[in-house]
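Chain by chain, the residues run as shown.
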Amino acid sequence: MQENSKMELIDPTSCSSSRDQRAINRNIKRGHDSPSVIATGITTCPTKRKRETFDELWQRRIKREVELWLAEASDEERGCHDLPNRVVLPYQEKPFGQFFMRDDGELALFAAGAAPSVPDSVVSLALFDGDVMLFACSGVALPEEPRAAARNLTRFLTSARLVREFIDKRNKDDKLRVEVRLPDNRATDGFLGLYDDHIAIVTSFDNLIIIDPIDLDHQSPGQPSTSTLTGQMIAFGRAFNSGKLMVQELTPVISIVSDDLDQPREVLFPDFTEAAFGGPLTDANGNFLGVIHHHVHDMEKTSFLPLTFLRLRLKHFGILTQDDRDTTEDADNTHSFLSGHSFPGLIFSSISGTSSGGTKNKKRGYSLPPGVSSIVPSGFMRKINMLKSLGYPMPPPLMLEANGQLRNTFEDDFGEVCAWEGYEYSLMWRSTGNYVWQELPKKVFRNLSRRAVSVVSFTGDKIFFACTGLLISWHTGAGTGTGTCRGKRTRPRQVILTSASLVRTRDDEDEIDKNLRIEVFLPPNQRTDGTLELYHSNYNIAIISVEKRFISARPENIFSRSAHKLPKEVVAVGREAAEGLLLASMGKVIDMPRWMSTELHCQDLKMSTCKIKKVGIGGPLITSHDGRFVGMNFYDDTHRTPFLPRSKIVDVLKGIDLPSERGLNCPVNMMDTTTTIEKNRWPVPEAYWYHPLFDDDLDPFRPYVGRVLQ
């Protein structure tokens with residue numbers, strides 16, 4: 001009767017015979033945070049939750065969307081916290097020379113001997129904040145490269161003064177934009193891209209057939225410079241508001257020509273307004289001499305950029321290609337950047353492939369040439385700051401404006417995505433493969449959700465690497481799977497088995513960065529710091545210890561003596577880093593064909609047809625029928641997944657004690673460094689930017705193979 005009375009005092013919701021449920025109830029009594037949720041997200045509230053109506057659910061989601069929108073707006077403002085508040089001062093255009101409409105302007109210029117194409121190459125470029133004009137100057141259309149025309153792109157050359165105005169007038173609202181006034185008085189959007197101290201490139205995503213590009217080929221770039229300029233010259237510009245062509249004939253008084261081709265030519269001209277900056281300068285015969293640069297030192301002295309200088313800079317930008325007329329020295333100055341550019345200045349991806357059927361080695365890096373910068377587009381300051389915090393490469397010019405994608409990131413999902421109970425959002429749109437989770441036995445799913453973790457390494461506040469880990473029970477030195485302490489049986493220590501790519505340095509993959517901070521996450525709310533204990537450079541294995549044990553975890557015992565052959569049906573499992581969502585892809589274990597190559601050179605690797613992404617590196621490969629651990633997954637950016645078998649992992653780890661249990665506070669390399677063996681390579685595909693508009697591999701006209709950008 002006494003025992004019965006005690007049982008009546010126990011909360012009925014705590015009556016569970018399972019070890020996990022008893023652990024949950026103990027933590028509830030101790031007052032742990034979020035007592036209603038365990039590692040798998042299964043609700044254990046003692047009171048039954050009221051079922052929400054459709055209207056209540058809809059209102060809750062709307063409220064959540066508003067909260068996210070406000071948080072995003074706050075983040076955007078914080079991303080622009082160094083910028084001033086918006087103060088708009090309208091800009092008044094100041095014309096120069098004589099005005100000409102398109103028809104009568106051409107007739108007047110023909111009489112003066114100018115080339116017919118000059119008027120139709122001159123545009124006006126205006127900087128706006130909303131509907132308020134802040135600045136205006138001129139520009140010239142550049143010659144069409146065949147691939148630019150195929151992609152409906154038109155590029156304009158102008159003075160770098162436009163970029164300086166853009167940077168100076170940028171404010172927290174971050175809504176600056178550029179418009180292009182065309183010779184037929186139409187206006188179109190323009191996008192600032194590459195620039196240096198002298199010139200800037202503006203691109204329109206329209207193929208403007210009414211534009212006649214300026215002729216850059218009539219004069220040899222190797223023509224020697226002279227100490228003076230003689231004869232009459234003509235300056236061109238275009239007014240933005242009226243669209244009229246502005247023309248002024250002038251004779252230079254003094255010419256100061258530098259022998260250094262990297263310096264602009266300074267000529268003393270009569271007063272020029274800002275509307276002339278970026279406009280073309282021709283001789284009396286209509287030959288293009290260069291573009292007007294800007295005022296120098298005072299309002300009377302104006303510099304201009306000669307054709308020789310412009311050609312060198314445009315080749316350095318990657319917009320013009322080398323030709324036979326270029327000197328060897330000029331070619332050497334631009335070769336490092338242009339090698340790999342089939343569509344100069346705008347193609348940022350190339351593929352170097354192996355024989356037919358082999359694995360493609362994709363190298364899609366992009367780097368700006370020395371001394372050249374790329375403008376951060378309006379409205380993307382928060383995204384740029386986020387990319388910097390995540391350690392991702394900055395987007396090439398125009399990639400953000402064209403809605404380009406950053407691929408091979410740690411945030412890329414794979415397979416079917418699964419969340420814990422109570423997750424508020426639908427995951428249907430995030431799943432990229434067939435149904436997997438419903439095919440697994442319930443016990444297998446529960447075990448996975450309590451032992452697959454997310455592991456992230458940080459350098460400062462930036463993410464260095466993110467992957468998946470498997471919570472395992474660490475053996476003792478004898479490898480029995482249990483430990484003893486003064487005759488008493490102790491629980492095995494929980495550690496994380498994952499890939500050593502988590503801590504490899506990027507400069508030398510044989511070295512380990514011991515200054516990285518490691519965080520381990522078991523959803524929905526268990527986070528703890530991790531410490532690198534052991535690693536094996538040749539097999540890319542790492543063992544991470546955690547500061548505190550995970551509640552209700554089910555570590556895998558990979559050291560059990562039972563031996564099994566490799567199964568046929570397998571599942572690759574990953575854990576997404578941001579929210580800890582489970583990812584799974586189903587496939588089969590296959591023999592690696594002789595014709596198949598991989599960037600991972602380890603001979604002990606096996607292959608499955610599961611398709612994963614970078615976040616799946618270090619994740620477990622399990623059997624589909626009973627969840628048995630088969631091996632650890634790696635990623636080589638193909639449609640198959642290499643994995644290191646369980647037997648090899650156990651061979652590497654067995655008989656080794658954790659350094660922390662031996663009083664050591666530094667990681668230990670399990671690899672025998674005294675032997676001279678060929679080291680395995682474990683490259684990880686880098687993140688890269690992609691857009692079909694800039695993809696050379698989709699061009700049907702001139703395929704390029706084996707070309708590297710940087």
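Thresholds, definitions, all that
- Residues numbered from 1 in each chain as written.
- Predicted model: local features only at pLDDT ≥ 70, side-chain atom pairs only at ≥ 80, totals over all residues.
- Heavy atoms only, no water.
- Helix = DSSP H or I, 4+ residues; strand = E, 2+ residues; numbered from the N terminus.
- Contact = heavy atoms within 4.5 Å.
- Areas by Shrake-Rupley, 256 points an atom, 1.4 Å probe, with all protein chains shown as cover.
- pLDDT = per-residue confidence, 0-100.
- Pairing = 2+ DSSP bridges.
- Salt bridge = Lys/Arg side-chain N within 4 Å of Asp/Glu carboxyl O.
- Buried < 20%, exposed > 50% of the residue type's maximum accessible area, 1.4 Å probe, protein only.
- Polar contact = N/O pair within 3.5 Å; in protein donor to acceptor, adjacent residues only side chain to side chain.
- Core = buried A, V, L, I, M, F, W, Y, C linked by side-chain atoms within 4.5 Å.
- Phe/Tyr/Trp six-rings, centres within 6.5 Å; stacked < 30°, edge-to-face > 60°.
- Lys NZ or Arg CZ within 6 Å of the ring centre and 35° of its normal.

(A) Representation of the overall build of the protein within the structure. Looking only at helices and strands, the protein features 11 helices and 35 strands. In the protein, 69% of the contacts between residues at least 6 apart in sequence involve partners at least 24 apart. Only carbon and sulfur atoms are counted for the fraction: they give 50% of the accessible area of the protein, which is about 35,300 Å².

(B) Representation of the confidence of the model for the protein in the model. Taken over all residues, the pLDDT of the protein has a mean of 75, while the share at 70 or more is 66%. For the protein, the element scoring lowest by mean pLDDT is strand 15 (residues 350-352), at 33; strand 31 (residues 620-623) scores highest, at 96. Here residues 478-487 is modelled with pLDDT under 50, and outside its nearest four sequence neighbours on either side it reaches 12 contacts, counting other chains as well. The low-confidence segment residues 698-710 (pLDDT under 50) makes 39 contacts with residues lying over four places distant or belonging to another chain.

(C) Summary view of the pairing of strand 25 (residues 517-522). Both strand 20 (residues 452-459) and strand 25 contribute to a ladder of five bridges, which runs antiparallel. Among the inter-strand pairings, Ser 457 is bridged to a residue of strand 25, identified as Ile 518. Where strand 25 lies against strand 26 (residues 526-536), five bridges are found, and the strand directions are antiparallel. Note on strand 26: the bridge partner recorded for Glu 519 is Asp 529.

(D) The arrangement of the pattern of salt bridges in detail. A complete count under the given rule lists 14 salt bridges for this structure. Here Arg 161 ties to Glu 165 by a salt bridge, and the two come within 3.0 Å at their closest N and O atoms. One end of the pair is Arg 161 and the other is Glu 165, both in helix 6 (residues 161-168) and four residues apart, which spans about a single turn. The two residues Arg 161 and Glu 165 agree in class, both being buried. Salt-bridge contacts for Arg 186 lead to Asp 184; the nearest nitrogen and oxygen are separated by 2.8 Å. Since its relative accessible area comes to 28%, Asp 184 is described here as partly exposed. Among the ionic contacts, a cluster of salt bridges with common partners joins Arg 161, Glu 165, Lys 169 and Glu 274.

(E) Spatial organisation of the environment of Thr 468. If you trace the backbone, Thr 468 turns up in strand 21 (residues 462-474). It is 5.1 Å that separates the C-alpha atoms of Thr 468 and Gly 618, two residues lying 150 residues apart in sequence. The contacts of Thr 468, once residues within four sequence positions are left out, are Val 453, Val 455, Thr 498, Val 573, Gly 574, Arg 575, Val 615, Gly 616, Ile 617, Gly 618, Gly 619 and Pro 620. Within the structure, the side chain of Thr 468 is placed 2.7 Å from the backbone oxygen of Val 615, a separation counted as a polar contact.

(F) A look at the side chain of Glu 556. Looking at the secondary structure, you find Glu 556 in the loop between strand 27 (541-546) and strand 28 (569-575). Once residues lying within four places of it in the same chain are set aside, the contact partners of Glu 556 are Arg 451, Leu 470, Leu 471, Ile 472, Ser 473 and Phe 629.

(G) Summary view of the environment of Val 453. Structurally, Val 453 can be placed in strand 20. Sequence-wise, Val 453 and Leu 582 are 129 residues apart; in three dimensions their C-alpha atoms are separated by 9.0 Å. Those residues within four positions of Val 453 in sequence are excluded, and the remaining contacts are Cys 467, Thr 468, Gly 469, Leu 470, Ile 496, Val 520, Phe 521, Leu 522 and Arg 575.

(H) Structural view of the pairing of strand 20. In terms of burial, strand 20 is a largely internal element, seven of the eight residues being buried. The sheet contact formed by strand 20 and strand 21 spans eight bridges and is antiparallel. Bridge pairing links Val 453 to Gly 469 in strand 21.

(I) Seen up close, helix 6. What helix 6 keeps buried is the set Arg 161, Leu 162, Val 163, Glu 165 and Phe 166. Each element contacted by the buried residues of helix 6 is listed here: strand 2 (122-129), strand 3 (132-141), strand 4 (154-159), strand 5 (176-181), strand 6 (187-195) and strand 7 (199-204).

(J) A look at unusual backbone geometry. Of note, the amide linkage connecting Pro 523 to Pro 524 takes the cis form, showing an omega dihedral of 5°. Of note, Pro 524 is situated in the loop between strand 25 and strand 26. The phi dihedral of Leu 398 is positive, around 70°, even though this residue is not glycine. For Leu 398, the position within the fold is in the loop between helix 9 (381-390) and strand 18 (405-407).

(K) Region of interest: the nonpolar core. Membership of the largest hydrophobic core comes to 84 residues, with the highest contact counts inside it found for Ile 472, Trp 474, Leu 497, Ile 541, Ile 543, Ile 649 and Leu 653. It is strand 21 that contributes the most residues to this core, nine residues altogether. Once residues within four sequence positions are removed from consideration, Ile 541 is found in contact with Leu 497, Thr 498, Ala 500, Leu 534, Tyr 535, His 536, Met 632, Leu 644, Ile 649, Val 652 and Leu 653. Core analysis: the second largest hydrophobic core is formed by 41 residues, Leu 127, Leu 134, Phe 166 and Leu 192 among them.

(L) Region of interest: the environment of Arg 575. Relative to the elements of secondary structure, Arg 575 occurs in strand 28. When the C-alpha atoms of Arg 575 and Ser 454 are compared, they prove to be 5.3 Å apart, with 121 residues separating the residues in sequence. Looking at Arg 575, its side chain comes within polar contact range of the main-chain oxygen of Ala 452, at 2.9 Å.

(M) Seen up close, the packing of aromatic side chains. Applying the stated criterion to the full structure yields eight aromatic pairs. Centroid distance Tyr 91 to Phe 135: 5.7 Å. Interplanar angle 50°. Geometry classified as tilted. A residue pair is termed long-range when its members are at least 10 positions apart, and Tyr 91 in the loop between helix 3 (54-79) and strand 1 (98-100) and Phe 135 in strand 3 qualify at 44 residues. Taking 5.7 Å as the distance between ring centres and 90° as the angle between the ring planes, the aromatic pair formed by Trp 474 and Phe 559 counts as edge-to-face. You can see Trp 474 sitting in strand 21 and its partner Phe 559 sitting in the loop between strand 27 and strand 28, a full 85 residues away along the chain. Look at Trp 474 and you get buried, because its relative accessible area is 2%. Ring pairs connect the aromatic residues Tyr 392, Phe 410 and Phe 465, which therefore count as one cluster. Across from the ring centre of Phe 128, 4.7 Å away, lies the NZ or CZ of Arg 177, which sits over that ring.

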